[in-house]
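Residue-level structural notes
So you can see what is in the structure, the chains are spelled out below.
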Amino acid sequence: MEHSPRTSPLVAGIALLGAGLLLYQVKPTVLSLPAPNGKSRRDRGIRRVARKSRDGVASLMPSNLTGSIGRSLIIMGLGLVTIRLLDRFVNEEDALY
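This structure is a prediction, so every number in the text was calculated from the model and none was measured. Here the residue numbers are simple positions, counted from 1 along each chain's written sequence. Reporting of local features is limited, given that this is a predicted model, to residues whose pLDDT is at least 70; pairs of side-chain atoms are given and counted only at 80 or more, and all residues count toward the totals for whole chains, interfaces and linings. The basis for every side-chain value is the complete set of heavy atoms in the structure, and neither hydrogens nor water enter the calculation.

The helix and strand inventory of the protein stands at 3 helices and 0 strands. Note on conventions: DSSP H or I runs of at least 4 residues are helices, E runs of at least 2 residues are strands, and numbering of each starts at the N terminus. Across the protein, helices and strands are ordered from the amino to the carboxyl terminus as α-α-α. Using a 1.4 Å probe on the protein chains alone, a residue whose accessible area is under 20% of its type maximum counts as buried, one over 50% counts as exposed, and one in between counts as partly exposed. A total of 97 residues make up the protein; the buried ones form 15% of that total. For this analysis, residues touch if any pair of their heavy atoms sits within 4.5 Å. Looking at the protein alone, contacts between residues at least 24 apart form 83% of all its contacts between residues at least 6 apart. Note on areas: these come from Shrake-Rupley sampling with a 1.4 Å probe, and a residue is covered only by the protein chains present in the view. Accessible area of the protein: about 7900 Å², with a carbon and sulfur share of 63%.

Glancing now at the side chain of Arg51. Along the polypeptide, Arg51 turns up in helix α2 (residues 45-60). Beyond its immediate chain neighbours, meaning those up to four positions away, Arg51 contacts Arg41 and Asp43.

The subject of this paragraph is helix α3 (residues 65-87). When the terminal C-alpha atoms of α3 are compared, their 33 Å separation across 23 residues agrees well with the 33 Å that a helix rising 1.5 Å per residue should span. Buried residues in α3 make contact with α1 (8-26). Take the number of residues in a helix, subtract one, and multiply by 1.5 Å to get its expected span.

Further remarks concern the confidence of the model for the protein. Mean pLDDT for the protein: 77, with 73% of residues reaching 70 or above. Summary of the metric used: pLDDT quantifies the predictor's per-residue confidence within the range 0 to 100. Averaged over each element, pLDDT in the protein is lowest for α2 (82) and highest for α1 (85).

This part is about the packing of α1 against α3. The angle between two axes is taken between their N-to-C directions and runs from 0 to 180 degrees, where each axis is a line fitted to C-alpha atoms and a helix contributes only its stretch in contact. Put simply, α1 and α3 touch, their axes get as near as 7 Å, and they point 155° apart. The angle between α1 and α3 places the two elements in the roughly antiparallel class. The chirality of how α1 crosses α3 is left-handed. By the convention adopted, Pro, Cys, Tyr, Trp, Phe, Met, Ile, Leu, Val and Ala count as nonpolar, Lys, Arg, Asp and Glu as charged, and the other residues, Gly among them, as polar. Tallied by class, the residues present in the contact of α1 with α3 amount to 18 nonpolar, 6 polar and 2 charged. In this scheme, roughly parallel covers angles under 35 degrees and roughly antiparallel covers those over 145, while 65 to 115 is roughly perpendicular and the rest are oblique. Two helices that cross are described as forming a left-handed crossing if the nearer one is turned anticlockwise from the farther one by less than a right angle, and a right-handed crossing if clockwise.

Laid out in structure tokens, this is it:
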């Protein structure tokens, strides 16, 4: 089995970081959650349970999912680049990447 070049994790980390920064900055409205309209409701039974459950889940979600995905990609890219750079200071036998 042939090993990949030693720079592959570094390139992948930089690509993840770039994609994350792009998504975080652009934040397209396609994945934006709508804001609640604030009307009072008079629903009962299963409809009320469904609405309360939906509102509870929506309060935990970020307002724009693309920004959240972008942050995750930035963290993954920075982590991969950091590990690869720190790996250069470790003995050759102990290197992970």
